[in-house]
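Working through the structure, step by step
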Amino acid sequence: MARVKKMFIPFLIITLASACYALGFVWCYAPNGIAFGGITGVAQIINYLIPALPIGVTVIVLNIPLFLLGWKLIGGHLLVSSLYAMFISSVFIDVLTPLHDWQPMDPMLACIFGGVLMGLSLGLVFQQGATTGGTDLIARLLKLKLTWLPMGKLLMGIDLAVILAVAAVFGTLKAAMYGLVALYICSIVMDAVLYGMDNAKVAYIISDKNKEISNVLVRDLDRGVTILHGQGAYTGAEKDVLMCAFKQREITAIKAAVKEVDPAAFLIVCDAHEVLGEGFRDYKKDDL
């Protein structure tokens with residue numbers, strides 16, 4: 001029972017995310033002529049040139065060679081879930097399109113809400129180890145080599161060329177400009193879903209009262225502290241440096257605690273792309 005539930009939940013999430021993906025496309029992108037990246041964007045071009053060919057069916061046909069290419073590199077299980085995500089999202093597009101008279105809206109609103117819906121849906125699909133096919137699948141394959149690059153940024157670069165092609169076919173620069181805005185929003189939301197809305201920070205603290213500061217951070221704020229041994233380049237004096245990882249919402253409390261103990265403390269706060277471990281995100285196999 002537990003095994004069935006473990007297999008069922010990811011496909012349920014993929015189904016809901018695919019419905020969200022299709023809604024974003026038929027509600028925000030298609031009626032407003034906003035350039036869309038990926039294979040769906042290519043299908044947009046083909047549908048514009050040959051209206052008799054539905055976008056969803058075209059997406060499925062175009063994805064066949066890509067899935068054959070990715071079978072060896074991604075593996076059977078991940079490819080099956082990706083095939084399902086691609087198929088169900090394409091079906092949702094063709095089902096939702098005739099259900100309602102989707103009217104154009106303010107293009108900027110379409111970019112914002114379309115980007116949010118797309119980013120949310122793609123992030124959820126990627127979390128389940130799947131893709132919606134097309135350039136999503138290409139990005140997933142490239143991620144195997146470019147492990148340091150966030151998925152949102154990687155996908156944004158790939159989709160840029162398709163967006164420009166869609167704009168050229170539609171014969172308007174605005175289509176590309178709005179498409180870029182939507183793509184940027186999509187990448188931000190996608191990375192937020194994959195890597196967390198609450199970005200981590202790392203603080204480096206240099207002070208003559210390191211022991212007192214570390215006690216406050218550990219005891220009062222429940223934050224782990226690591227002592228790094230350093231040396232001043234000018235004076236040559238030995239100096240310990242405190243390193244503390246914490247969440248964005250804790251930054252005010254961290255700074256206040258350090259400065260309360262030692263107003264003269266030298267404090268450096270940096271962004272941390274990912275922090276894995278106790279109190280933060282757990283590592284998962286095939287993590288993006």
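We now turn to the structure provided with this report.

Cut-offs applied
Residues numbered from 1 in each chain as written. Predicted model: local features only at pLDDT ≥ 70, side-chain atom pairs only at ≥ 80, totals over all residues. Heavy atoms only, no water. Axes fitted to C-alpha atoms, helices over the stretch in contact; angles between N-to-C directions. Helix = DSSP H or I, 4+ residues; strand = E, 2+ residues; numbered from the N terminus. Left-handed = near helix turned anticlockwise from the far one by under 90°. Contact = heavy atoms within 4.5 Å. Nonpolar A, V, L, I, M, F, W, Y, C, P; charged D, E, K, R; others polar. Buried < 20%, exposed > 50% of the residue type's maximum accessible area, 1.4 Å probe, protein only. Phe/Tyr/Trp six-rings, centres within 6.5 Å; stacked < 30°, edge-to-face > 60°.

Viewed as axis vectors pointing N to C, helix 9 (residues 210-219) and helix 10 (residues 251-261) meet at an angle of 145°, and their least axial separation amounts to 9 Å. The two elements helix 9 and helix 10 meet at a crossing, and its hand is right-handed. From helix 9, Glu-212, Ile-213, Val-216 and Leu-217 reach across to helix 10, where they touch Ile-254, Ala-257, Val-258 and Val-261. Split by residue class, the contact of helix 9 with helix 10 holds seven nonpolar, no polar and one charged.

Attention now goes to the side chain of Ser-90. By the element assignment, Ser-90 lies in helix 4 (residues 76-96). Accessibility expressed as a relative area gives 2% for Ser-90, which makes it buried. Excluding anything up to four places from it in sequence, Ser-90 contacts Gly-56, Val-59 and Ile-60.

Before going further, it helps to examine the packing of aromatic side chains. Counted according to the given criterion, the structure contains two aromatic pairs. With a centroid separation of 5.3 Å and 70° between ring planes, the pair formed by Phe-11 and Tyr-84 is classed as edge-to-face. Of this pair, Phe-11 sits in helix 1 (residues 2-29) while Tyr-84 is found in helix 4, placing the two residues 73 residues apart along the sequence. Look at Phe-11 and you get partly exposed, because its relative accessible area is 25%.

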